[in-house]
Amino acid sequence: VYLRNDSRPQGSRLSLRVAVIGGIGVALFAVLFFRLWNLQVLSGEEYLAEAKNNRTREFKVIAPRGDILDRNGEVLVDNRTSLALQLNTSKLPEDPAEERAELARLGELAHMSLRKVRRTIEEGEEVAAGAPVTLRRDVGFDLVAYVEENQDEFPGVAVERVFVRHYPDGTRAAHVLGTVGEIDKEELEESEFAGLEPGDEVGKGGVEYAYDRYLRGDPGHTRIQVNALGQPTPGGELVSQPPTPGKSLKLTINGDVQTAGELGLAEYGRGGFISMNIDNGEILALGSYPSFDPTDLIEPTQAQVNELYRDEELAPLVNRATEGAYPTGSIFKIITALAALENGVITPEEVVQDNGLIEVGTDTFENAGGEAHGAVELRRALQVSSDVYFYLLGWKMWDTNDLQEWAHKLGIGRPSGLDLPEEGETLLPSKAWREQLVKEGLALEDRPWSAGDNIQLATGQGDLQTNPLQMALAYAALGNGGKIVTPHVGLEVEDAAGRVLKEFDFGTQRKFHIDPGYRTAILEGLHAAAQEGEGTAAGVFGGFPVPIAGKTGTAERPGHADQSWFAALSPYPNPRIVTVATVEEGGFGAESAAPVVLDILEAIYEKQASEVSSAGGAE
Amino acid sequence: MTMYATRTRNARPEPFTVHVGIGERLGLAHMDWPLTIAAVALIVFSVFTLGQATQNDVPGDPNYFLERQAIYALLGIAGMIVLTRIDYSRFRELRVGIYTFLCASVSLVFVFGFAARGSRRAFELPFFSFQPSELGKLLLVLALAGFVIDGARRGSARQRTVRYLCLGLAPAALVFLQPDLGTSMVFAVATLAVMYFGGVPWTHFAVIGAALVALIALVLVAAPAVGVPVLKGYQEQRLTSFLHPSEDARGAGYQQAQSVVAIGSGEKTGRGDRATQTRLDFVPERHTDFIFAVIGERYGFMGAAFVLSLYALLFWRALRIVTLSKNSYGTLVAGGIAVSLLFQVFVNVGMNLGIMPITGIPLPLMSYGGSSVLATFLAVGVLQSINIQARLSQRGRFAW
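Attention here is on the structure that accompanies the text. Everything quoted here is computed from the prediction, not taken from an experiment. Residue positions are given per chain, counting from 1 as you read along its sequence in written order. Chains and ligands are labelled by the order in which they are written, letters from A for the one and numbers from 1 for the other. At least 70 in pLDDT is required for a residue's local features to be given in this predicted model, at least 80 for side-chain atom pairs to be given and counted, and no such filter applies to totals for whole chains, interfaces and linings, which use all residues. Here the side-chain values reflect all heavy atoms present in the structure, with hydrogen atoms and water set aside.

A closer look at the pairing of strand β12 (residues 283-289) of chain A
All names here are of chain A. We apply this condition: Burial classification: accessible surface area is computed with a 1.4 Å probe over protein chains only, and a residue below 20% of its type maximum counts as buried, one above 50% as exposed, and the rest as partly exposed. What counts as a helix is a DSSP run of H or I of at least four residues, what counts as a strand is a run of E of at least two, and both are numbered from the N terminus. Strands qualify as paired when DSSP identifies two bridges or more between them.
The element β12 is largely enclosed, with a buried count of 6 among its 7 residues. Of the strand pairs in this sheet, strand β11 (residues 271-277) and β12 are connected by 6 bridges, and their pairing is antiparallel. Residue pairing in the sheet places Met276 in a bridge with Ile283 of β12. Two successive antiparallel strands, β11 and β12, enclose a turn made up of 5 residues, where Gly281 displays a positive phi of approximately 80°.

Quick look at the structure:
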């Protein structure tokens with residue numbers, strides 16, 4: 001018997017069995033050692049080469065930018081997906097002739113010259129060496145199919161699905177929305193773009209820039225295995241982290257009012273408009289003409305580049321409402337009136353004889369058109385826009401800084417606090433400014449500040465350079481009794497489901513006292529100017545059902561025909577909204593700017609107006 | 001010459017008092033030191049490798065695997081020392097209890113186990129998930145060896161063979177159903193090993209071998225052909241893909257191909273921290289089933305051959321204990337342990353080297369995992385116990 005537990009199994013038979021197992025063990029270990037030797041020592045080099053070739057590539061998964069909505073939730077900007085032709089330059093053939101041939105073939109497909117292809121690659125390499133260069137966005141499916149079918153001919157070429165900004169209404173609110181583009185070298189250094197990488201898309205203007213951190217979102221990534229040609233290996237997806245889409249941004253803009261303003265302005269020509277809530281600074285409409293379609297900036301043709309960037313007269317990219325710099329003409333008179341009243345230069349009731357002109361030293365200052373308005377007090381001076389009345393005030397204040405102080409208080413010639421990056425240089429001329437100019441030798445005429453300068457300023461002429469935004473702020477302060485609000489277009493940040501994540505609170509920038517009596521007197525004058533009898537804009541607003549206070553302006557702009565302005569506070573006598581429009585070379589205020597404002601006000605009060613008229617008439 | 005104050009078969013009163021040292025009390029003096037050194041060296045190398053290779057695996061906790069494996073190692077070594085001091089022969093008396101516990105624990109997994117990747121194999125305990133089938137490898141050997149000794153004189157040789165096969169394959173079948181193909185194969189191999197050292201005739205093994213070939217043919221070819229798949233799709237794929245790796249370089253064979261590239265790229269001295277294959281997720285399960293690929297890539301032929309040598313040493317010492325055992329039970333137990341260790345090492349390393357199918361068998365004392373580390377150390381402890389008992393009873397025997 002082989003087994004008996006109190007002893008060991010029979011010696012020789014056990015020894016045989018152990019020897020057999022030992023032999024198997026030796027054989028198995030020998031196999032392992034031999035295989036190991038074979039892999040590591042004999043063919044190690046090949047495997048090392050294979051391992052080095054066996055690269056992963058991390059593909060960034062672009063996060064779609066957030067939508068931009070108007071205050072009623074209407075989509076102003078969203079995204080569409082597009083196919084982009086990308087080139088991984090490290091995978092191009094090493095032989096220069098072959099590389100040239102491939103680039104030429106590519107160029108032919110993408111309708112680009114060989115030179116353009118090379119330049120695009122160079123530019124891309126400059127921003128992010130080694131990263132795939134996007135040759136062309138928005139390529140068609142036929143091209144994609146062709147490239148994929150002929151992969152051998154196009155080493156390194158890939159087609160990527162990318163998000164492209166989509167503007168459902170073309171040029172609408174283009175200046176407010178702004179554009180997006182690849183982050184450039186300078187921006188990469190800036191702290192607000194910390195963490196971004198070359199090739200990332202950021203806002204380049206408008207709210208796209210101002211609210212980029214909300215709209216941007218976080219990219220995800222996929223790490224996948226790629227073969228020697230840089231092509232993803234099927235099934236070789238290693239790690240994947242989905243992107244976080246950007247947040248939606250709701251604007252204070254009212255799409256309907258915006259459209260009305262744009263259509264109205266386009267009828268009359270180049271210019272800008274703004275409509276703003278005077279209590280909280282929410283901008284309902286902000287526009288400029290000529291405008292542009294941001295879509296054209298995604299992949300501009302040479303003709304579009306010429307049109308958008310080269311034509312200084314049209315300058316469609318300039319937001320004339322915030323970047324313009326113009327004299328304002330008579331709409332400036334409320335500032336002159338406030339300064340004079342608050343400094344006791346005049347009272348609302350004091351009568352001035354308007355003979356159509358005043359003479360100051362050797363200079364004569366005439367009413368526009370040379371018309372004499374006779375005896376005018378403040379209310380009538382505003383209604384009929386008596387220049388002589390305000391010349392006189394400017395003259396009386398010329399040796400003081402009173403007018404400038406009030407203009408400055410009301411926001412003229414200083415940053416407005418607008419939440420958009422596009423805000424132009426403006427100028428409030430003063431004695432100090434003049435002296436500085438002369439000292440630096442920059443003045444055209446080497447002369448000190450004169451009464452004439454101040455008289456010009458009193459009627460919004462001369463060296464004054466401002467824009468609709470600043471005038472809106474000044475009118476708003478008159479309307480709300482001395483509060484400088486922060487003009488803004490950003491309302492709130494929402495997630496994809498429409499839940500509010502953040503409401504912006506811009507607050508009031510500063511406050512000062514305006515005598516209620518003076519305010520009432522000026523508003524009365526403005527109401528008369530807009531809607532009563534001989535009022536300068538009565539022809540435009542006479543039939544408008546909502547009572548408003550408004551002022552026309554006709555500015556003489558050197559080298560140009562007169563510029564038309566209109567500023568309105570509505571409804572009168574307790575205004576909520578300020579609306580300012582200007583039209584370059586638009587003639588009298590009532591000729592072009594006032595109708596634009598009317599279009600805007602009609603849009604704002606459309607519903608209310610119909611209610612008013614159905615209730616039995618205006619006023 | 002040392003005097004032993006312990007029991008010997010013909011104990012007589014000693015003429016003088018013998019000082020008994022702590023080493024002897026613990027039985028350390030009669031341990032098989034090469035075996036201990038091999039086991040401890042392997043686990044130390046495992047902890048070291050895990051520490052280097054898994055730094056980025058658990059975000060925020062670079063030493064996650066290192067710390068846990070070190071704790072398992074300490075627990076395992078403690079368990080080994082305890083078993084060293086126990087006379088293994090007692091397990092023979094407990095065979096029915098051990099066998100019952102084995103079957104119960106691998107069955108309870110179906111009820112209480114938590115599922116990982118479609119398979120229920122472990123209990124979730126606080127800080128630890130316990131996989132009974134790992135300990136089961138040892139328990140099966142301990143119980144089956146007892147049954148073999150016990151039934152040595154009952155029935156015909158053929159009846160005994162069938163009985164042993166049934167006893168061994170029942171728990172193997174339970175584990176197979178978890179499903180855990182790899183461990184069930186270890187169970188089967190351990191069963192055959194105990195039978196082998198238990199003296200089952202060679203002819204029976206020839207029949208069993210033939211049956212096995214037929215079974216494989218049935219499972220892989222015939223059964224799927226008539227629409228009764230025995231293996232899950234991934235199991236079959238893993239088992240067969242190594243036969244034609246180039247055809248399937250993207251699927252199941254992909255991982256194995258990457259493992260081969262990893263090991264090959266280690267060359268003679270390894271790539272250290274410049275390792276890419278096992279660092280960049282090309283090779284999956286780098287802390288468990290494919291840890292040998294990590295060693296191969298990071299430490300090259302030097303490191304991998306060193307580890308293989310330690311396993312060879314382990315196997316040799318285990319086989320030596322088979323021949324030394326004072327009784328048949330010890331022979332059978334040591335034989336079962338030695339062969340199942342050899343099988344696990346060969347299948348796992350062979351899988352890493354691309355010459356064996358992917359079966360999910362961990363590399364003993366190297367792969368991360370508490371159950372495996374603990375069970376292997378306990379098995380080594382049993383081997384030590386057999387060695388010590390043999391040395392105590394048969395001092396002066398020839399040893400090779």
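Details of the nonpolar core
Nonpolar side chains in soluble globular proteins tend to end up buried together. The following threshold applies: Only buried residues count toward a nonpolar core. Its members are Ala, Val, Leu, Ile, Met, Phe, Trp, Tyr and Cys residues joined through side-chain atoms within 4.5 Å. In what follows, a contact means two residues having at least one pair of non-hydrogen atoms within 4.5 Å.
Phe197(B), Phe292(B) and Val382(B) are the most contacted members of the largest nonpolar core, which totals 117 residues. Take this core: its biggest share by element is 18 residues, from helix α12 (residues 291-324) of chain B. What Val382(B) contacts, discounting residues up to four positions off in sequence, is Leu83(B), Tyr88(B), Phe91(B), Leu138(B), Leu142(B), Val333(B) and Ile337(B). By size, the runner-up hydrophobic cluster in this structure holds 81 residues, among which are Ala173(A), Phe332(A), Ala340(A) and Leu382(A).

Considering the packing of aromatic side chains
Pairs of aromatic rings are described using the distance from one ring centre to the other and the angle between the two planes. Residue and element names in this part refer to chain A. This is how it is decided: Only the six-membered ring of Trp is used, alongside the rings of Phe and Tyr, when aromatic pairs are assigned; centres must lie within 6.5 Å, and planes under 30 degrees apart are stacked while those over 60 apart are edge-to-face, with the rest tilted.
Counted according to the given criterion, the structure contains 27 aromatic pairs over all chains. Geometrically, the ring pair formed by Tyr211 and Phe504 is tilted, given 5.0 Å between the ring centres and 55° between the ring planes. Highlighted residues: Tyr211 in the loop between α8 (206-210) and α9 (212-215) and Phe504 in the loop between β19 (500-503) and β20 (508-511), separated in sequence by 293 residues. On the basis of relative accessible area, Tyr211 is assigned to the buried category, the value being 4%.

Points about empty space enclosed by the protein
Formally: Only protein atoms enter the 1 Å grid used here. Points where a 1.4 Å probe fits but cannot escape make up a cavity, open sets with protein on both sides within 12 Å along at least five of seven lines make up a pocket, and a residue lines them when an atom lies within 4 Å of a point. Grid points are joined across faces, edges and corners, and a volume is the space filled by probe spheres set on the points. Put simply, Ala, Val, Leu, Ile, Met, Phe, Trp, Tyr, Cys and Pro go in the nonpolar bin, Asp, Glu, Lys and Arg in the charged bin, and everything else, Gly too, in the polar bin.
Tallying each qualifying case throughout the model produces 3 cavities of 30 Å³ or more. Reported here for the largest cavity is a volume of approximately 140 Å³. For the largest cavity, the lining is made up of 13 residues, of which Lys137(B), Leu138(B), Gln344(B), Ala375(B) and Ala379(B) are closest to its centre. At the level of secondary structure, the elements contributing two or more residues to the lining of the largest cavity comprise α6 (132-150), α13 (328-352) and α14 (370-393) of chain B. Residues of the lining of the largest cavity, tallied by class, amount to 7 nonpolar, 4 polar and 2 charged. The space that makes up the second largest cavity amounts to roughly 50 Å³. As for the second largest cavity, its lining consists of Phe29(A), Tyr311(B), Leu314(B), Phe315(B), Ala338(B), Leu341(B), Leu342(B) and Val345(B). Looking at the lining of the second largest cavity, the elements with two or more residues in it are α12 and α13 of chain B. Looking at the lining of the second largest cavity residue by residue, the classes come out as 8 nonpolar, no polar and no charged.

Some words on the pattern of salt bridges
All names here are of chain A. Rules: The salt bridge criterion pairs a side-chain nitrogen of Lys or Arg with a carboxyl oxygen of Asp or Glu, the two atoms within 4 Å.
Following the criterion strictly, the structure yields 28 salt bridges over all chains and no others. Among the salt bridges present, the one from Arg65 reaches Asp212, with a minimum N-O distance of 2.9 Å. Taken together, the residues Arg65 in the loop between β1 (56-61) and β2 (68-69) and Asp212 in helix α9 connect sequence positions 147 residues apart. Judged by its relative accessible area of 6%, Arg65 falls in the buried class. Its relative accessible area of 2% is what places Asp212 among the buried residues. In this structure, the salt-bridge partner of Arg379 is Glu532, at a minimum N-O distance of 3.0 Å. Taken together, the residues span a long stretch of sequence, with Arg379 in helix α15 (residues 378-384) and Glu532 in the loop between α21 (516-531) and α22 (538-541) at a distance of 153 residues. When its relative accessible area of 28% is taken as the criterion, Glu532 is described as partly exposed. Residues participating in the shared-partner salt-bridge network are Arg65, Arg165, Glu208, Asp212 and Arg216.

A word on the sheet that holds β11(A)
Residues and elements named next belong to chain A. Selection rule: Axis lines are fitted through C-alpha atoms, for helices just across the contact stretch, and the angle between N-to-C directions can take any value from 0 to 180 degrees.
Strand order in the open sheet formed by 5 strands is β12-β11-β23-β22-β21, with antiparallel pairing between adjacent strands. This sheet does not close on itself; its edge strands, each paired only once, are β12 and β21 (549-555). Averaged over all pairs of adjacent strands, the angle between their axes in this sheet comes to 5°, without regard to strand direction. Packing of α21 onto the sheet brings it into contact with β21 and β22 (563-570), and relative to β21 it is tilted by some 70°.

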